[in-house]
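The residues making up each chain are set out below.
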Amino acid sequence: MSAMWRRLQVKVGPARGLLTSTQVTRRSTWLNGHLSLCQSFSTGTSLRNDFFKDLETHMEAMRKKAMDALPGSSWTPLEINPNLPPERADIVIVGGGVVGWSIAYWLKQKEMVRGGVRVLVVEKDPTYSQASTVLSAGGIRQQFSLPENIHLSLASADFIRNINEHLGVLNEDPIDLQFNHLGYLFLASEAVAHIMEENYSTQRYAGAKVSLLSPTQLKEKFPWVNTEGVVLASYGLENEGWFDPWTLLNAFKRKAISMGAIQCCGEVTEFKYTTSVITTTDGEKLDLRRIKSVKVQMPHSLEYQPVECAIVVNAAGAFSGKLTEMLGIGFGPKQSIAGIPLPVEPRKRYVYVVRCPDGPGLDTPFLIDYSGVYVRREGLAVSPKPDASNLEVDHSFFEENVWPHLAFRVPAFEKLKVTSAWAGFYDYNTFDQNAIIGTHPLINNMYFATGFSGHGLQHSPAVGRAVAELILDGNYKTLDLSGFSFNRILTQEPKLERNIV
C-alpha cells in the first residue's frame, strides 16, 4: 500500500510539471479504483475474523457439552428445578409461619460471620391459607398467670414497639403493624374473681401495667358493658392491643431473607436418621435418634430433594405432632418415653366479622368475657372449640353459641349483622395449653417451638430469640424458658394457665 502511494507521488510530483485535465481525470479514476480495492480488502478481513470468532465459540460449547456427557459429570438432560432447596443446610426450620421466620431471623442475627449459619425455612403452604399466623385475631397481652408467659409478652411488646430498628431493610418501606394500643379487658365472675386477683399480683410483680376495676368503675369507663354477673375486671394499661399478623410475618421473612436465610416451598415428608441403643438404670432400652437429612417434597410434583442438615427445628404449628410421628415418637410401648407423643393437634376457631352501627366506639378494648367469647373493634368475634375436621365456617354456631353471649354482655350487639367469617387452626397443646420449647430426649438434634395454643403470634419475637440461644449458645441467655421443655410432659407436671383464652 505504501509503495503504491510512493509511485503516485512520483507521477504527480513537480519534476514532471503540471498535469493536463485529461491526465488528472484518468489518474483520479485509477486512484479511486485502488482505494475501492483496499476498502474491499479491509472489509473482507473483518468478516473473516468474525467468522473465526463465532466458530471458536461454537467449538468451545461443543467441547463443554462433550465433557459434561462423560461419566462422573453433573450433566443431565433434564431441566433442574430452580425452586428445589439446597442439598445441604446447617439448620432446617420446618414451618414458615411467624415463629419459624422469627427463629430464622434470630439465628442469622446471632451468627458470628456473615453466612456462617446456613438456615433453610420449609413451608408447605406459601399462600398461608391455613396458617395459624394470618388467621388469628392478632392480639398481644401481658395478662397471664405464668411468669414465663408474662415475660415473653413484655419482651415481644418491646420488640414490636421498636420493630423498624430490628426488622427494617435498607431501601425498603418502613414497617407499619397498625398496632392498636387499646388494651385487653378481662371480665371475671364470682367463681374466678380470686384467680384474677392472684394473676394481677403476678403480673404487677413481673412488670406489667395492669389495673383492677370494680363493676362500678367498669361501668363508668365503658358504659356500653352490661356488668351483670361481673364481680371484677382486669384492664391492661400498656403494651396490649392488637396488630396486623400478616405484616409481622412478612417483616420477619423479608429481614431473614435479606440476611441470607433460604426459603423453600415444599413439605417435609420423611427423615433419614441414625439410631443408637442405650440401656437405662431401670433396664429400659432406648433408641436414640439423630437426624441426618430431611426429604422435601415439592408441591404438585413428584420431585423431591434430600437436604442434609445438622439441626431440625419443628415449628410446624398445628401439624408439628405429625412431624414427630415420622421419627417414631408416640409409637413406642405405653408408659415409655418413646410411647409419649408430642401432644399438639389442630384446634379450630371461627372468626366472625360483624357490623353494628350502634356498637361501642373507637376506644373499645379487646374484650374477653368469662363465657369464653371475645370481641375486638373492627367486629371480630371468636368462638371456642368448634369441630376441627375442616376449615368450613358453621354460621349456626354463631347464632347458637356466640351471639347470645355477645348480646348479653354488650346489649348493642343485639342489632349486629355478620358480614363475613373464616376459620383457622392453631397449635393446641392438649397437655397444658402452653408452649413446648427445646429438644426431645430421644432426638437430640430436633428442637421444638410449638404448642402455643393461641399465644404463638404475640410471643414469636421472644420465642425466636430463645430458640436461637438454645441452638447457638447451648442454653437460654435472656429469658429462662426451661419450664416449657418436653420434660414436663414426661414427668406429667403441667404448667397450666388460669383464665386461658
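Residues numbered from 1 in each chain as written. Predicted model: local features only at pLDDT ≥ 70, side-chain atom pairs only at ≥ 80, totals over all residues. Heavy atoms only, no water.

The name given to the protein in an unreviewed UniProt entry is FAD-dependent oxidoreductase domain-containing protein 1, with the source organism recorded as Astatotilapia calliptera.

A.B. asks: Account for the pairing of strand β6 (residues 232–236), with residues named and values stated.
C.D. replies: Most of β6 is tucked away, with five of its five residues classed as buried. Residues Leu232, Ser234 and Gly236 of β6 are buried on one face, and the alternating residues Ala233 and Tyr235, pointing to the opposite face, are buried as well. Judged from the four bridges that link them, strand β4 (residues 184–188) and β6 form a sheet pairing that is antiparallel. Counterpart to Ala188 in the pairing with β6 is Leu232. In this sheet, β6 lies alongside strand β5 (residues 210–213) in antiparallel orientation, the contact comprising four bridges. Residue Leu213 lies in a different strand from β6, and its bridge partner there is Ala233. (Buried < 20%, exposed > 50% of the residue type's maximum accessible area, 1.4 Å probe, protein only. Helix = DSSP H or I, 4+ residues; strand = E, 2+ residues; numbered from the N terminus. Pairing = 2+ DSSP bridges.)

A.B. asks: Lay out the pattern of salt bridges with the relevant residues and their values.
C.D. replies: Per the counting criterion, the structure on display carries twelve salt bridges. Put simply, Lys295 and Glu270 hold a salt bridge, and the shortest N to O gap is 3.9 Å. Highlighted residues: Lys295 in strand β10 (residues 285–297) and Glu270 in strand β9 (residues 267–279), separated in sequence by 25 residues. Lys295 gets classed as partly exposed once you look at its relative accessible area, which sits at 23%. For Glu270, a relative accessible area of 29% puts it in the partly exposed group. Ionic pairing is found between Arg488 and Asp432, a salt bridge with its closest N-O pair at 2.6 Å. Here Asp432 lies in the loop between β17 (417–429) and β18 (436–440) and Arg488 lies in helix α12 (residues 487–490), a separation of 56 residues in the sequence. The exposure classification of Arg488 matches that of Asp432, with both residues buried. Several salt bridges share partner residues, and in doing so they unite Glu87, Arg88 and Glu308 into one network. (Salt bridge = Lys/Arg side-chain N within 4 Å of Asp/Glu carboxyl O.)

A.B. asks: I'd like a rundown of the packing of aromatic side chains, residues and numbers included.
C.D. replies: On inspection of all chains with the given rule, the structure shows 20 aromatic pairs. Geometrically, the ring pair formed by Tyr105 and Phe159 is edge-to-face, given 6.3 Å between the ring centres and 70° between the ring planes. In this pair, Tyr105 is assigned in helix α3 (residues 98–110) and Phe159 in helix α4 (residues 147–161), connecting sequence segments 54 residues apart. Considered together, Tyr105 and Phe159 belong to a single accessibility category, that of buried residues. An angle of 90° between the planes, with centres 6.1 Å apart, marks the rings of Tyr426 and Tyr428 as edge-to-face. The pair Tyr426 / Tyr428 is uniform in exposure class, with both members buried. One aromatic cluster in this structure is built from Tyr184, Phe186, Trp242, Phe366 and Tyr374. (Phe/Tyr/Trp six-rings, centres within 6.5 Å; stacked < 30°, edge-to-face > 60°.)

A.B. asks: Describe the nonpolar core, with residues and values.
C.D. replies: Nonpolar side chains tend to gather and get buried jointly when the protein is soluble and globular. One finds Ile93, Trp101, Val313 and Ile437 to be the most contacted residues of the largest nonpolar core, which totals 54 residues. If sequence neighbours within four positions are ignored, Trp101 has contacts with Gly96, Val121, Tyr128, Leu249, Phe252, Lys253, Ala256, Ile257, Ala261, Ile262 and Gln263. With 31 residues, the next largest nonpolar core counts Phe271, Met298, Val312 and Ile436 among its residues. (Core = buried A, V, L, I, M, F, W, Y, C linked by side-chain atoms within 4.5 Å. Contact = heavy atoms within 4.5 Å.)

A.B. asks: I'd love a proper account of the environment of Ala251, names of residues and values included.
C.D. replies: In this structure, Ala251 sits in helix α8 (residues 245–258). Measuring from C-alpha to C-alpha, the distance between Ala251 and His166 comes to 9.6 Å, with 85 residues separating the pair along the chain. Among all residues touching Ala251, those that are not within four sequence positions of it are Leu167 and Ile175.

A.B. asks: I'd like to hear about the confidence of the model for the protein, residue by residue, with values.
C.D. replies: When pLDDT is averaged along the protein, the result is 86, and 84% of the positions lie at 70 or above. Ignoring residues within four places in sequence, the model shows residues 1–43, a span with pLDDT below 50, making twelve contacts including any to other chains. Predicted confidence is poor over residues 379–384, with pLDDT under 50, and the contacts of this stretch with residues over four places away or in other chains come to 30 contacts. (pLDDT = per-residue confidence, 0-100.)

A.B. asks: Residues and numbers for unusual backbone geometry, please.
C.D. replies: The phi angle of most residues is negative, glycine excepted, and most peptide bonds adopt the trans form. Even without being glycine, Gln178 reaches a positive phi, approximately 55°. Assignment of secondary structure puts Gln178 in the loop between α5 (163–167) and β4. Of note, His300 is a non-glycine position whose phi angle comes to about 55°, a positive value. Examined against the element boundaries, His300 turns out to sit in the loop between β10 and β11 (304–308). His300 sits in the exposed class, given a relative accessible area of 89%.

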